[in-house]
Amino acid sequence: MLNDIIFSMVIGGTVGIVGHVRKHGKIIMPRKTKRFIYLGFLEEMLLGAVAALLILMYTTPNSMVETIFLSALAGISGDIILTRFKELNENKEKKES
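This one's a predicted model, so the numbers in the text were calculated from it and none came from an experiment. (Residues numbered from 1 in each chain as written. Predicted model: local features only at pLDDT ≥ 70, side-chain atom pairs only at ≥ 80, totals over all residues. Heavy atoms only, no water.)

## Some details on the overall build of the chain
Each helix and strand in the chain was counted, giving three helices and two strands. Starting at the N terminus and ending at the C terminus, the chain contains elements arranged as α-β-β-α-α. Out of the 97 residues in the chain, the part that is buried amounts to 26%. Counting only contacts in the chain whose residues sit at least 6 apart along the sequence, the fraction spanning at least 24 positions is 60%. Total accessible area on the chain is roughly 7,100 Å²; 67% of this is exposed by carbon and sulfur atoms. (Helix = DSSP H or I, 4+ residues; strand = E, 2+ residues; numbered from the N terminus. Buried < 20%, exposed > 50% of the residue type's maximum accessible area, 1.4 Å probe, protein only. Contact = heavy atoms within 4.5 Å. Areas by Shrake-Rupley, 256 points an atom, 1.4 Å probe, with all protein chains shown as cover.)

What follows is the structure, given as structure tokens:
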């Protein structure tokens, strides 16, 4: 079970990094500014890994193929959720202005 968990998190994190590169065209490194800490590619990687872990724990796949498929799907879904959340915040800020 531990091997499945680690494998799932690696697949989800990798898909998260691929989504980051697809969105930005390059890997953006983490940096600290005066107002906040920007995680860069780590944000998408961690989100994909956590999403893959949650899906793995919820579904308990029976084979390695199911683990790979569900982990990749969770990594993609995590990227989509993050993108939509940012869009909603931007729309909310525009309405307040």
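## Observations concerning the packing of helix 1 (residues 2-24) against helix 3 (residues 64-96)
When two helices pack together, their arrangement is given by the angle between their axes and by how far apart the axes lie. Viewed as axis vectors pointing N to C, helix 1 and helix 3 meet at an angle of 40°, and their least axial separation amounts to 8 Å. Looking at the two axes, helix 1 sits oblique to helix 3. Classified by chirality, the crossing of helix 3 by helix 1 is right-handed. Residues Asp 4, Phe 7, Ser 8, Ile 11, Gly 12, Val 15, Gly 19, Arg 22 and Lys 23 of helix 1 pack against Met 64, Thr 67, Ile 68, Ser 71, Ala 72, Gly 75, Ile 76, Asp 79 and Thr 83 of helix 3. Residue classes in the contact of helix 1 with helix 3 are distributed as seven nonpolar, seven polar and four charged. (Axes fitted to C-alpha atoms, helices over the stretch in contact; angles between N-to-C directions. Parallel < 35°, antiparallel > 145°, perpendicular 65-115°, else oblique. Left-handed = near helix turned anticlockwise from the far one by under 90°. Nonpolar A, V, L, I, M, F, W, Y, C, P; charged D, E, K, R; others polar.)

## Considering the side chain of Ser 8
Looking at the element boundaries, Ser 8 is found in helix 1. Classification of Ser 8 as buried rests on a relative accessible area of 0%. Among all residues touching Ser 8, those that are not within four sequence positions of it are Ala 52, Leu 53, Leu 56, Thr 67 and Ser 71.

## Describing helix 2 (residues 41-59)
Compared with the 27 Å implied by 1.5 Å per residue over 19 residues, the 27 Å span of helix 2 between its first and last C-alpha is a close match. Where helix 2 is concerned, the buried positions are Phe 41, Glu 44, Gly 48, Ala 49, Ala 51, Ala 52 and Leu 56. The buried side chains of helix 2 occupy one side of the element, clustering within an arc of 165° when seen end-on. Exposed positions of helix 2 whose direction lies more than 90 degrees from the buried face are Leu 54 and Tyr 58. Following helix 2 by one or two positions, Thr 60 has its phi on the positive side, about 45°. (Expected span 1.5 Å × (residues − 1). Arc of directions from axis to C-beta.)

## Structural notes on a nonpolar patch on the surface
A cluster of nonpolar residues, Leu 2, Ile 6 and Val 10, forms a patch on the protein surface that exposes about 290 Å² of accessible area. Here Leu 2 lies in helix 1. Taking relative accessible area as the criterion, Leu 2 reaches 58% and is therefore assigned exposed. (Patch = residues over 30% accessible without salt bridge, like charges linked within 9 Å, V, L, I, M, F, W, Y side chains within 5 Å. Salt bridge = Lys/Arg side-chain N within 4 Å of Asp/Glu carboxyl O.)

## Section: helix 3
In this model helix 3 runs 48 Å from its N-terminal to its C-terminal C-alpha over 33 residues, within 8% of the 48 Å that 1.5 Å per residue would give. Within helix 3, the full set of buried residues consists of Thr 67, Ser 71, Ala 74, Gly 75, Gly 78, Asp 79 and Leu 82. The elements touched by buried residues of helix 3 are helix 1 and helix 2.

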